[in-house]
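So you can see what is in the structure, the chains are spelled out below.
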Amino acid sequence: MSKTLGVAFGGSGAEGIAGIAYVRALEQMGIEPNIVSGTGVGSVIAAMYAAGMSSEDMIKFLDDVNFPGAKRPINENKVKDAKYGILDDMGLEEYFQIVVPVKVFDRLYFPLKIVAADYVDGSEVVFTDGSVGTAVRAGVSIPGVFSPHETEETFYIDGSCVNPVPFDTIRNDCDVLVCIDPQIVHGSDEDEQDEEIELSLNVFPAFKGAYDAAKRALIAEKMKSCDIEVYEKVPVNIINMYDFVQYSEILDSLEDRVEEFKTKITEAMA
């Protein structure tokens, strides 16, 4: 009997685009997961994957989408009076519904779990049925980037607040569990690092730094009680979480790391 595979995708901002490189790696190996999960931008990748979109389809999505940050960088140090979220006007849910071929959970190619957080009580919410676009919009409601997603029942925010890479939600649904955990890193030049530390004292970078620290603590705690066969901590060298314009550079930078990932998957699935 062959082993079943589950893949969890994380990444609140542009770093989540790294997940496409791992989708492409599995395609090249001729392996299709039995279940996927995601939150933040990872929920977009997971949903497109489960809807039957290839890695090339996902890249075309990024080529075609037109919103601030997709075609030019956003300088978070100059953002002022952002009442709701920096990218609120991008129409993600509407564009997603147009592009993605499968609109509802029960018609996806394999099971999908999207994680969001209840804005009011902070509880984790796992979407497994209904509209895929609505679930993705809830899961990707990253504070400071998108406003909370409002429904008749509640307000939802980025599930990374409670579960940065939702591997535990699919642990019991697969034999081999893969965790794709993209994390923003910066260059090693000391002068550049000093400049970045100085910039981090501004509002948005400071907020993101605190957010990242909380997420790392959550992941470490969850890993104590949940076995993961393949954990990929993926370094993504971009300036900030809004750097969607760098998607090609992000994917190109992961070629060597993805080859190592293929070896890990081969061993884990044997």
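Described below are features of the structure shown in this document. (Residues numbered from 1 in each chain as written. Predicted model: local features only at pLDDT ≥ 70, side-chain atom pairs only at ≥ 80, totals over all residues. Heavy atoms only, no water.)

Our next topic: the overall build of the protein chain. Helix and strand counts for the protein chain come out as nine helices and eight strands. Within the protein chain, the proportion of its 270 residues that are buried is 52%. Restricting to contacts in the protein chain with at least 6 residues of sequence separation, those with at least 24 account for 79%. Looking at the protein chain as shown, the accessible area adds up to about 12,700 Å², and 49% of this sits on carbon and sulfur atoms. (Helix = DSSP H or I, 4+ residues; strand = E, 2+ residues; numbered from the N terminus. Buried < 20%, exposed > 50% of the residue type's maximum accessible area, 1.4 Å probe, protein only. Contact = heavy atoms within 4.5 Å. Areas by Shrake-Rupley, 256 points an atom, 1.4 Å probe, with all protein chains shown as cover.)

Turning to the packing of aromatic side chains, a few remarks are in order. Going through the model one piece at a time under the given rule, you end up with four aromatic pairs. Pairing Phe-9 with Tyr-49 gives two aromatic rings, centres 6.3 Å apart and planes at 75°, and the pair type is edge-to-face. On the criterion of sequence distance, the pair formed by Phe-9 in strand S1 (residues 5-9) and Tyr-49 in helix H2 (residues 41-50) is long-range, its members being 40 residues apart. Since its relative accessible area comes to 1%, Phe-9 is described here as buried. Judged by its relative accessible area of 6%, Tyr-49 is buried. An aromatic cluster is built from Phe-9, Tyr-49 and Phe-110, whose rings are joined through pairwise contacts. (Phe/Tyr/Trp six-rings, centres within 6.5 Å; stacked < 30°, edge-to-face > 60°.)

Okay, the pattern of salt bridges next. Under the criterion given, the structure shown has eight salt bridges. Residue Asp-64 pairs with Lys-60 through a salt bridge whose shortest N-O separation is 2.5 Å. Of this pair, Asp-64 and Lys-60 both sit in helix H3 (residues 55-64), separated by four residues, roughly a single helical turn. The closest approach of N and O atoms between Lys-262 and Glu-259, which form a salt bridge, is 3.2 Å. Separated by three residues within a single helix, Lys-262 and Glu-259 lie in helix H9 (residues 255-269), roughly one turn from each other. With a relative accessible area of 15%, Lys-262 lands in the buried category. For Glu-259, a relative accessible area of 43% translates into the label partly exposed. (Salt bridge = Lys/Arg side-chain N within 4 Å of Asp/Glu carboxyl O.)

All of the buried residues along H3 are Ser-55, Met-58, Ile-59, Phe-61 and Leu-62. Looking straight down H3, one finds its buried side chains confined to an arc of 150°; they lie on one side. (Arc of directions from axis to C-beta.)

This part covers a negative patch on the surface. Judged by side-chain charge, Glu-249, Asp-252, Glu-255, Asp-256 and Glu-260 come together as a negatively charged surface patch. Only helix H8 (247-252) and H9 provide two or more residues apiece to the negative patch. Sort the elements by how many residues they give to the negative patch and H9 lands first, with three residues. Tracing the sequence through the fold places Asp-252 in helix H8. (Patch = residues over 30% accessible without salt bridge, like charges linked within 9 Å, V, L, I, M, F, W, Y side chains within 5 Å. Lys, Arg positive; Asp, Glu negative; His and termini not counted. Charge placed at Lys NZ, Arg CZ, Asp CG, Glu CD.)

Before going further, it helps to examine the packing of helix H1 (residues 19-29) against H9. At their nearest, the axes of H1 and H9 sit 10 Å apart, and the two run at 55° to each other. Viewed along their axes, H1 and H9 adopt a mutual orientation that is oblique. Classified by chirality, the crossing of H9 by H1 is right-handed. Contacts from Ala-21, Tyr-22, Ala-25, Leu-26, Gln-28 and Met-29 of H1 reach H9 at Arg-257, Val-258, Phe-261, Lys-262, Ile-265 and Thr-266. Broken down by class, the residue content of the contact of H1 with H9 amounts to eight nonpolar, two polar and two charged. (Axes fitted to C-alpha atoms, helices over the stretch in contact; angles between N-to-C directions. Parallel < 35°, antiparallel > 145°, perpendicular 65-115°, else oblique. Left-handed = near helix turned anticlockwise from the far one by under 90°. Nonpolar A, V, L, I, M, F, W, Y, C, P; charged D, E, K, R; others polar.)

Here strand S7 (residues 176-185) lies mainly inside the structure; nine of its ten residues are buried. Pairing of S1 with S7 involves five bridges; the strand directions are parallel. Bridging across to S7, Gly-6 finds its partner in Leu-177. Examined bridge by bridge, S7 and strand S8 (residues 230-237) share eight bridges and lie parallel to one another. (Pairing = 2+ DSSP bridges.)

The buried fraction of H2 amounts to ten of the ten residues, a majority that puts the element mostly inside the structure. The complete set of buried residues in H2 reads Val-41, Gly-42, Ser-43, Val-44, Ile-45, Ala-46, Ala-47, Met-48, Tyr-49 and Ala-50. In the segment just after H2, Gly-52 is the residue with positive phi, at about 95°.

Everything listed is a geometric property; what it means functionally is a separate question.
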